[in-house]
Amino acid sequence: MSEWELPELVDTAELIVSELVANAVKTGCLTRMTVSVRRVTDRTVRVAVRDGSRTLPVLMVAGCDEEGHRGLALIHALTRGRWGVAVESFGKVVHADLGVGRL
């Protein structure tokens, strides 16, 4: 983010990475996991986590008393719904797109 002079996105990107990595661990990823952050357009930075599990993430609505199940809802809110998943031969990639200059 510092290379792109986008310090305002650092905290949000860190939170998204934390949630995506936690989800990958919870779904049983027992193989390699990689995190990438790249500038896909002038207005978009993509945060992605690739893991070896083919279990897809599920956007859930957590009850008031639940301590978990809020990660993807949080990512959905932070990205204004601009996230997704791509299944690969040996796992998946979950990405979240952050808008530049609109946060």
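Our structure's up above, just so we're on the same page.
Below you will find a few notes about this structure. (Residues numbered from 1 in each chain as written. Predicted model: local features only at pLDDT ≥ 70, side-chain atom pairs only at ≥ 80, totals over all residues. Heavy atoms only, no water.)

Take the nonpolar core next. The biggest cluster of nonpolar side chains holds 16 residues, and the ones touching the most others in it are Leu-9, Ile-16 and Ile-75. In this structure Ile-16 touches Val-47, Ile-75, Leu-78, Thr-79, Ala-96 and Leu-98, once residues within four positions along its chain are discounted. (Core = buried A, V, L, I, M, F, W, Y, C linked by side-chain atoms within 4.5 Å. Buried < 20%, exposed > 50% of the residue type's maximum accessible area, 1.4 Å probe, protein only. Contact = heavy atoms within 4.5 Å.)

What follows deals with the pairing of strand 3 (residues 83-88). Here strand 3 runs beside strand 4 (residues 91-99); their pairing, made up of six bridges, is antiparallel. Bridge pairing in strand 4 places Gly-84 opposite His-95. Two successive antiparallel strands, strand 3 and strand 4, enclose a turn made up of two residues. (Pairing = 2+ DSSP bridges. Helix = DSSP H or I, 4+ residues; strand = E, 2+ residues; numbered from the N terminus.)

Taking burial as the measure, the eight residues of strand 2 (residues 44-51) include six buried ones, the bulk of the element. Where strand 1 (residues 34-41) lies against strand 2, seven bridges are found, and the strand directions are antiparallel. Residue pairing across strands places Arg-38 opposite Arg-46, the latter belonging to strand 2. Relative to strand 4, strand 2 is paired through eight bridges, and the arrangement is antiparallel. Residue pairing for strand 4: Arg-46 is matched across the bridge by Asp-97.

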